[in-house]
Amino acid sequence: MTLLRPLICALALAALPAWAAPVAYSLQPDKSTVGFETDFGQDHISGQMPITRAELTIDFKAVNQSTIAVTLDASGAKANFPFAAEAMKAASVLDTAAYPNITFQSTSVRKTENGARVEGNLTLRGVTQKVVLMAVISRQKGTDASDLRHLSIRLTGALKRSAFGANGWNDMVADEVRLDILARIAQVN
């Protein structure tokens, strides 16, 4: 299990001269997941979507200068109930035939006591809404305390699917969708 250390630890390491400027990172897609969960009556529907693109720049000295841009493949969504993934891709929910991708672009990153607050624009079904995600960043397991070349970012938050017009099966499936994203990233040389 990956040992997560809060962003504050990474910020403490920022005093190292090599990390004084913004650093570009690329996604390790085979080690990254976008997890989601919503209520389905007494049960939960959970699943994952593949990340197809992620561009991240992290400034350890000035966290507010950090940026995140991510594209998800909504058409590749999988769920714990076999029918749920296909229902989710239907025109009344994600409408992946017309909108196969979901995008996120950060507009603000602010340091918090235990990590960072990431605000940004999420575009789903062609509708763009503001969302807030809480982030914790850590070194990947087995790396040295001063090595920031390989990091893990855990982002959590929630959204209302109705805000994006994804209203299908609203009599059975809850409006709130909880997100749990684990992105493993590597410094771009």
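Quick caveat: nothing in here was measured; it's all calculated off a predicted structure.

Asks: Just give me the short version of the overall build of the chain, but keep the residues and values in it.
Replies: In terms of helices and strands, the chain carries two helices and 11 strands. Ordering the α and β elements of the chain from the N terminus gives α-β-β-β-β-β-β-α-β-β-β-β-β. Considering only intrachain contacts with a sequence separation of at least 6, the fraction spanning at least 24 residues in the chain is 60%. Only carbon and sulfur atoms are counted for the fraction: they give 55% of the accessible area of the chain, which is about 9,700 Å².

Asks: Give a description of the pairing of strand β7 (residues 101-111) that names residues and reports values.
Replies: Bridging between strand β5 (residues 67-73) and β7 involves five bridges; their strand directions are antiparallel. Across the sheet, the residue bridging to L72 is I102, located in β7. Here eight bridges tie β7 to strand β8 (residues 116-124), and the two strands are oriented antiparallel to one another. Bridging across to β8, S106 finds its partner in G120. Taking the residues that link successive antiparallel strands as the turn, the β7-β8 hairpin has four residues.

Asks: Describe unusual backbone geometry, and please don't skip the residues or the numbers.
Replies: The phi dihedral of R125 falls on the positive side, at around 60°, and the residue is not glycine. Mapping R125 onto the fold places it in the loop between β8 and β9 (127-139). Despite not being glycine, W169 has its phi angle at roughly 60°, a positive value. Along the chain, W169 turns up in the loop between β10 (150-160) and β11 (176-187). What makes W169 partly exposed here is its relative accessible area of 36%.

Asks: Tell me about the packing of aromatic side chains, and please be specific about residues and values.
Replies: Taken as a whole and judged by the stated rule, the model has three aromatic pairs. For the ring pair F81 and F83, a centre distance of 6.0 Å and an interplane angle of 25° mean the geometry is stacked. Judged by relative accessible area, F81 falls into the partly exposed class, the value being 22%. Grouped by ring-pair contacts, the aromatic residues F40, F81 and F83 constitute a single cluster.

How each quantity is defined
- Residues numbered from 1 in each chain as written.
- Predicted model: local features only at pLDDT ≥ 70, side-chain atom pairs only at ≥ 80, totals over all residues.
- Heavy atoms only, no water.
- Helix = DSSP H or I, 4+ residues; strand = E, 2+ residues; numbered from the N terminus.
- Contact = heavy atoms within 4.5 Å.
- Areas by Shrake-Rupley, 256 points an atom, 1.4 Å probe, with all protein chains shown as cover.
- Pairing = 2+ DSSP bridges.
- Buried < 20%, exposed > 50% of the residue type's maximum accessible area, 1.4 Å probe, protein only.
- Phe/Tyr/Trp six-rings, centres within 6.5 Å; stacked < 30°, edge-to-face > 60°.

So far we have only geometry, and geometry alone does not tell us how the molecule works.
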